[in-house]
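Structural description and commentary
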Amino acid sequence: MTGARVAVIGGGVIGLSIAWRAAAAGHRVELFDPADGSAAAQVAGGMLAPLSEARPGEEAALDFGAASLERWPGFIADLGTDPTSARGALTVALDGADLTDRHKAAAWVAERGHDIRPLTRREVRDLEPTLGPSIRGGVLAPTEGSVDNRQLLAALRAAAAAAGVVHTRTAVTETATLPHDRVVIAAGWRSAALLPERLAAMLYPAKGEILRVRTRPGSAVGPRHVIRAAVHGRPAYLVPRADGYVVGATQYEHGDDRAVTVAGVRDLLQDAELVFPAIGDYELFESAAGLRPMSRDDLPLIGTLDEDGYTGTIVACGHGRNGVLLAPLTADAVLAALDGHVLTEAAAALPERVK
Ligand code: GLY
């Protein structure tokens, strides 16, 4: 049914993508967010890396992420602005055990038909000569990459406005009294306050700190791929931007805490320097923290609810570390839900799996 009055609650990357796509499909969309929301996406690295991050055995998460990665070129073409900041993701290992694990995980992903390639130390150096000497080898995923999160958010806001989305800057504290035909709850981890208890219990925030660094006159030109590593078991990444990198990211489960800590900054800088030693010459111009909307089973919650008081309400939250990656598939799944269908590729995220 097109032409429905649709309320979208949440103006982050997920809410904006849904609002834009729904308005472009002919719905009358009102987006509720008291600010320009998007706290998590505002500090995101913007990696599109479902193959590099896949863990053997977690097939549903791989299939879900890969289905969204395939949608990115079309999503960008429709957006009319290309926020791509890197093409290709290179995961590097700093010790032999990590390299063995990375190569095994890559073999598992490749067996499922995806383009991911094991690399020797020499191949990594040929590809990215400025990486540190302690790197033992790696894995290349040529179809992955990254987008500039802030360019993306600005482009989504512009596309939503152009498609007719009305942005109402108030917070929604309960959905039952909204006059719209359909309500979409897409407010990140704060969605918990609007959801039935069984779904609210699935969500929790995980703080992530990032740094932003940029080149100075004379500083070395660094890697052009997304670079991912594990340093002392901590995930570390450098995500290219036009003038430097987003360096990420820590992860803590402390509730609603967005302070940037001294230890967090120290770890991020130490780990980044091990991977790319010349980063010490760059200018550090921003540190920030956001709250990832985590889901307890590592899959988002996307689909229509049927319990009393929520009939016809659609949920789209719990995207964890991958809100940017999963935005195109999520928007398509919500459009299908608005039409009364289930998008097959997003069926693993249906909320009825939670009892
Ligand atoms: N998407 C990477 C992170 O959440 O750190």
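Residues numbered from 1 in each chain as written. Predicted model: local features only at pLDDT ≥ 70, side-chain atom pairs only at ≥ 80, totals over all residues. Heavy atoms only, no water.

Re helix α9 (residues 323-338)
At L329, α9 is bent by approximately 35 degrees, the largest bend along its length. Taken across its 16 residues, α9 has 14 buried, putting it largely inside the fold. G340 occupies a position one or two residues after α9 and carries a positive phi of about 85 degrees. (Bend = angle between axes of the 7 residues up to and from the residue. Helix = DSSP H or I, 4+ residues; strand = E, 2+ residues; numbered from the N terminus. Buried < 20%, exposed > 50% of the residue type's maximum accessible area, 1.4 Å probe, protein only.)

A word on the pattern of salt bridges
Under the defined criterion, the tally for this structure stands at 22 salt bridges. Among the ionic pairs, R241 bridges to D148, the shortest N-O distance being 3.8 Å. One end of the pair, R241, is in strand β11 (residues 234-241); the other, D148, is in the loop between β6 (137-147) and α6 (149-162), and 93 residues separate them in sequence. The same class applies to R241 and to D148, which are both buried. The salt bridge involving R190 is made with D256; its shortest N-O contact spans 3.5 Å. Taken together, the residues R190 in the loop between β8 (182-185) and α7 (197-200) and D256 in the loop between β12 (244-248) and α8 (262-275) connect sequence positions 66 residues apart. Residue classification places R190 among the partly exposed residues on the basis of a relative accessible area of 43%. The class for D256 is partly exposed, based on a relative accessible area of 48%. Here the salt bridges do not stand alone but share partners, grouping R234, R266, D267 and D271 into one network. (Salt bridge = Lys/Arg side-chain N within 4 Å of Asp/Glu carboxyl O.)

Details of the pairing of β12
Among the five residues in β12, five count as buried, and that is most of the element. Bridge analysis of strand β9 (residues 203-214) against β12 gives four bridges, and the strand direction is antiparallel. Looking at β12, one finds that R214 is bridged to G244. One ladder, built from five bridges, connects β11 with β12; its direction is antiparallel. The residue of β12 that forms the bridge with L238 is V247. In this antiparallel pair of consecutive strands, β11 and β12, the connection spans two residues. (Pairing = 2+ DSSP bridges.)

Comments concerning the packing of helix α3 (residues 59-79) against α6
Packing of α3 against α6 brings their axes to within 10 Å, and their N-to-C directions diverge by 55 degrees. Looking at the two axes, α3 sits oblique to α6. The residues of α6 that touch α3, namely those facing W72, F75 and L79, are L152, A155, L156 and A159. Tallied by class, residues from the contact of α3 with α6 come to seven nonpolar, no polar and no charged. (Axes fitted to C-alpha atoms, helices over the stretch in contact; angles between N-to-C directions. Parallel < 35°, antiparallel > 145°, perpendicular 65-115°, else oblique. Contact = heavy atoms within 4.5 Å. Nonpolar A, V, L, I, M, F, W, Y, C, P; charged D, E, K, R; others polar.)

Quick notes on α6
Taking 1.5 Å per residue as the helical rise, α6 with its 14 residues ought to reach 20 Å, and the 20 Å between its terminal C-alpha atoms agrees with that figure. Here α6 starts with a cap whose side-chain oxygen sits 3.0 Å from the backbone nitrogen of R150, and that cap is D148. Downstream of α6 by one or two residues, G164 has phi in the positive range, about 105 degrees. (Expected span 1.5 Å × (residues − 1). Polar contact = N/O pair within 3.5 Å; in protein donor to acceptor, adjacent residues only side chain to side chain.)

Considering the sheet that holds strand β1 (residues 5-9)
Read across the open sheet, the six strands follow the order β7-β2-β1-β8-β15-β14; overall the sheet is mixed. Edge positions in the open sheet fall to β7 (166-168) and β14 (301-304), since each of these has one partner strand only. Along the sheet, successive strands turn relative to each other by an average axial angle of 20 degrees, direction set aside. With four bridges joining them, β1 and β8 adopt parallel strand pairing. Bridging from a neighbouring strand, I9 pairs with I185 of β8. Of the strands in this sheet, β1, β2 (28-32), β8 and β15 (314-317) touch helix α1 (residues 13-24), which is tilted by about 165 degrees from β2.

As for the packing of aromatic side chains
This model, assessed by the stated rule, comprises five aromatic pairs. Ring geometry for W20 against F75: centres 5.2 Å apart, planes inclined by 70 degrees, an arrangement best described as edge-to-face. In this pair, W20 sits in helix α1 while F75 sits in helix α3, placing the two residues 55 residues apart along the sequence. The same class applies to W20 and to F75, which are both buried. (Phe/Tyr/Trp six-rings, centres within 6.5 Å; stacked < 30°, edge-to-face > 60°.)

A closer look at the nonpolar core
Among the nonpolar cores identified, the biggest contains 50 residues, and V13 and W72 are the most heavily contacted of them. Looking at this core, the elements with two or more residues in it are β1, α1, β2, α3, α6, β15 and α9. Top element by residues in this core is α9. It accounts for ten residues. With residues up to four places along the chain from it excluded, the contact list for W72 reads L48, V147, L152, V324, L325 and P328. Counting residues in each nonpolar core, the second largest holds 24 residues, with L90, I135, A229 and V247 among its members. (Core = buried A, V, L, I, M, F, W, Y, C linked by side-chain atoms within 4.5 Å.)

Quick notes on unusual backbone geometry
If a residue is not glycine, its phi is most likely negative; likewise, a peptide bond is most likely trans. Despite not being glycine, H232 has its phi angle at roughly 50 degrees, a positive value. As for its placement among the helices and strands, H232 is situated in the loop between β10 (226-231) and β11. On the basis of relative accessibility, which here comes to 68%, the residue H232 falls in the exposed class. The backbone of D298 sits at a positive phi, close to 65 degrees, despite the residue not being glycine. Locating D298 in the fold gives a position in the loop between β13 (283-295) and β14.

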